[in-house]
Every structure is written in C-alpha cells, then in structure tokens.
Amino acid sequence: MEYLHTMVRVANLEESLDFYCNKFGLQEVRRMDNEQGRYTLVFLAAPGDVERARANSAPLVELTYNWDEHSYQGGRNFGHLAYRVDDIYATCQKLMDAGVTINRPPRDGRMAFIRSPDGISIELLQRGEAKPPHEPWASMQNTGTW
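Chains are numbered independently. Their residues run from 1 in the order of the written sequence. Totals for whole chains, interfaces and linings use all residues, but because this is a predicted model, local features are given only for residues with pLDDT of at least 70 and pairs of side-chain atoms are given and counted only at 80 or more. In computing side-chain properties, one takes all heavy atoms of the structure into account and sets aside hydrogens as well as water.

Once that is clear, we can look at the sheet that holds strand E5 (residues 80-85). What makes two strands pair is DSSP finding at least two bridges between them. Segments assigned H or I by DSSP are reported as helices when at least four residues long, segments assigned E as strands when at least two residues long, and all are numbered from the N terminus. The strand order E5-E8-E7-E6 describes an open sheet built from 4 strands, whose pairing is mixed. On the outer flanks of this sheet lie E5 and strand E6 (102-104), each paired with one strand and no other. If you compare each strand with its neighbour and ignore which way they point, the axes differ by 35 degrees on average. Running at roughly 145 degrees to strand E8 (residues 121-126), helix H3 (residues 88-97) makes contact with E5, E6, strand E7 (111-115) and E8 of the sheet. Only the stretch in contact is used when a helix axis is fitted, and all axes are lines through C-alpha atoms; the angle between N-to-C directions ranges over 0 to 180 degrees. Any two residues whose heavy atoms approach within 4.5 Å are treated as being in contact.

Right under this line is the structure:
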C-alpha cells in the first residue's frame with residue numbers, strides 16, 4: 001500500500017492557493033482542468049517532496065475546486081493534514097506574520113494547529129525532540145477550534 005494524496009474540496013481556489021502556497025509554503029506540482037466535469041484539481045507538495053512528487057513518488061495534497069459549488073460544511077469531518085517542520089516556533093511565527101491564526105499554539109514545543117480558509121485542520125509537528133517551551137507560545141491561549 002502507498003499513500004498518494006489527501007483531497008480537500010475548496011470554495012475559492014485562489015484564496016486556497018494563497019494560503020497553501022504563499023503562506024504555508026507548499027508548492028504546486030500539477031494541475032488539471034476538466035471542462036466536462038467542471039472542476040479543477042491542483043496537486044501540492046511540501047518543499048522537501050517536490051522532486052519526488054514530480055516523479056509520482058511523494059504524498060500530495062489535492063485541492064479540488066468544483067466550478068459550480070462554493071460552500072462546504074464540516075471541514076473537520078475527515079480529520080486533519082499533518083506536516084513535520086524543522087522549527088515549530090519559526091513556522092508558527094511566519095504563519096502569524098502572514099495573517100494566519102494559530103488555533104492551537106505550540107505551548108509544548110512540539111505541536112500546533114492552524115486551519116485553512118475552508119476550515120481544514122492542519123497539524124504542525126516539530127521534527128525530532130520537542131523544543132523547550134518559551135514565550136510567547138507557552139502562555140498563548142487556543143483560538144477557535146482545530
């Protein structure tokens with residue numbers, strides 16, 4: 001068995017690409033427009049997986065944009081996406097600086113959660129051992145749900 005991708009339906013493709021690519025740092029590796037089916041598929045890879053993704057050997061996020069449907073409920077009903085990061089604090093700070101809400105701050109130096117514009121939960125996990133807790137993260141409260 002091989003993990004291929006996670007499909008996420010998005011209401012606004014440009015807003016979602018801004019979030020996933022410009023703010024979160026994923027890279028578009030493939031796109032398909034289907035006129036007959038009236039949808040667009042955009043496949044995204046983590047920066048460290050781009051070359052493997054282009055060779056079809058890395059997990060991807062598939063954004064599905066249905067041209068005639070723009071409202072989805074219950075983004076958490078499938079669970080969440082998860083990514084390992086080199087520095088949880090730097091990643092969260094970069095996201096905050098870009099206007100992304102940190103729903104569950106990395107108080108423990110190990111884990112944080114954010115949400116996409118469509119309400120998809122994304123878990124961020126520190127690579128290796130947890131970082132020592134420090135401010136402002138250690139005392140930062142949760143915001144919303146994740």
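Here we come to the pairing of strand E4 (residues 60-66). A large share of E4 lies buried, amounting to 7 of its 7 residues. Any residue under 20% of the maximum accessible area for its type is buried, any over 50% is exposed, and the rest in between are partly exposed; the area is computed with a 1.4 Å probe on protein chains only. Of the two faces of E4, the one holding Leu 60, Glu 62, Thr 64 and Asn 66 and the one holding Val 61, Leu 63 and Tyr 65 are both buried throughout. Where strand E1 (residues 5-9) and E4 come together, 5 bridges link them in parallel fashion. Paired with Met 7 across the two strands is Glu 62, which belongs to E4. Relative to E4, strand E3 (residues 39-45) is paired through 6 bridges, and the arrangement is antiparallel. Bridging across to E4, Val 42 finds its partner in Leu 63.

The strand order across the open sheet formed by 4 strands is E1-E4-E3-E2, and the pairing between neighbours is mixed. The open sheet terminates on both sides in strands that have one partner only, identified here as E1 and strand E2 (27-34). Pairwise comparison of adjacent strand axes, ignoring direction, gives a mean angle of 20 degrees for this sheet. This element, helix H1 (residues 13-23), spans E1, E2, E3 and E4 of the sheet and lies at about 5 degrees to E3.

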